[in-house]
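Here are the chains, one letter per residue:
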Amino acid sequence: PLEVEEYSHFGMVARYTAGAMHLPFFPLRSYFETDLPVANPLIRPIHSPYGDETIYAVPPLRPDVSIVHAQRASASGDTQVWGLLGCQKEAAFAAERVIVVVEEVVPDEVIRADPNRTIIPGLIVDAVVVEPWGAHPSYVQGAYDRDNRFYLDWDPITRSEEATQAWLREWVYDLDGRAAYMDKLGPDRQASLRPSAAA
């Protein structure tokens, strides 16, 4: 059976998709045999207009701002992603405003030379932020791998409010910006996360 997190993920993707498509809801089968519809009144059973079955519906999600991370963009915001896409495109199209954070800004010619990688057009992008390693501790395909140590360390930390606050002070509150975060991460750890050259 699917775990609760997976059910929740399906619901969020469906909500972003409904928001991006300006739909009043998005239908899902994923919530059968779970207690999530009981716990969350936004997950509602509906009858199929094409048969006798009951499915579930979730409302659209339309954020004021979506922030997505990508490999690269042009200065005008045409944003290219490759690898696992997640729901970045849907989150962008669902939002009122869009900020893309990228590993690098490239000339328009680079974007035009490989148009199939452009998943977010510049016409919906409000700002482009260049922040290498901006997705850490997650990964950016081709730039750096997932930092599993961060995730493994985080699990026991979250079991204590005191440990969580100490971690936030160490890695967030007491650091003077992103450069300080990267300095704390250190060059050896960064190097260990760089993907090796393809054979």
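Above this text sits the structure in question.
Computed from a predicted model, the values in this text were never measured in an experiment.

Draft legend 1. Structural context of unusual backbone geometry. Geometrically, the link from H136 to P137 is a cis peptide bond, its omega value of 15° lying close to zero. Tracing the chain through its elements places P137 in the loop between β8 (127-130) and α5 (148-157). One non-glycine residue, H22, adopts positive backbone phi at about 55°. Within the secondary structure layout, H22 lies in the loop between α1 (4-20) and β1 (26-28). Despite not being glycine, W133 shows a phi value in the positive range, around 70°.

Draft legend 2. Spotlight on the pattern of salt bridges. Tallying each qualifying case throughout the model produces 9 salt bridges. Between R29 and E53 there is a salt bridge, with its nearest N and O atoms 2.7 Å apart. Taken together, the positions of R29 in the loop between β1 and α2 (36-39) and E53 in the loop between β2 (44-47) and β3 (54-58) put the pair 24 residues apart, joining distant regions of the chain. Residue class for R29 comes out exposed when judged on its relative accessible area of 53%. A salt bridge links R189 to D147, with the shortest nitrogen-to-oxygen separation between them at 3.0 Å. Placement of R189 in helix α8 (residues 187-193) and of D147 in the loop between β8 and α5 is noted, with a sequence separation of 42 residues between them. Using a relative accessible area of 3% as the deciding quantity, one classes D147 as buried. One connected set of salt bridges, linked through shared partners, spans R72, D114 and R117.

Draft legend 3. A look at the packing of aromatic side chains. Enumeration over the complete set of coordinates arrives at 6 aromatic pairs. Ring plane angle 85° and centroid distance 6.0 Å describe the contact between F150 and W167, whose orientation is recorded as edge-to-face. One end of the pair, F150, is in helix α5; the other, W167, is in helix α6 (residues 161-173), with 17 residues separating them in the sequence. Since its relative accessible area comes to 17%, W167 is described here as buried. One aromatic cluster in this structure is built from F150, W154, W167, W171 and Y181. The ring of Y151 is capped by R146, whose NZ or CZ atom sits 3.6 Å from the centre of that ring. We note K184 situated over the ring of W171; from NZ or CZ to the ring centre the distance is 4.8 Å.

Thresholds, definitions, all that
- Residues numbered from 1 in each chain as written.
- Predicted model: local features only at pLDDT ≥ 70, side-chain atom pairs only at ≥ 80, totals over all residues.
- Heavy atoms only, no water.
- Helix = DSSP H or I, 4+ residues; strand = E, 2+ residues; numbered from the N terminus.
- Salt bridge = Lys/Arg side-chain N within 4 Å of Asp/Glu carboxyl O.
- Buried < 20%, exposed > 50% of the residue type's maximum accessible area, 1.4 Å probe, protein only.
- Phe/Tyr/Trp six-rings, centres within 6.5 Å; stacked < 30°, edge-to-face > 60°.
- Lys NZ or Arg CZ within 6 Å of the ring centre and 35° of its normal.

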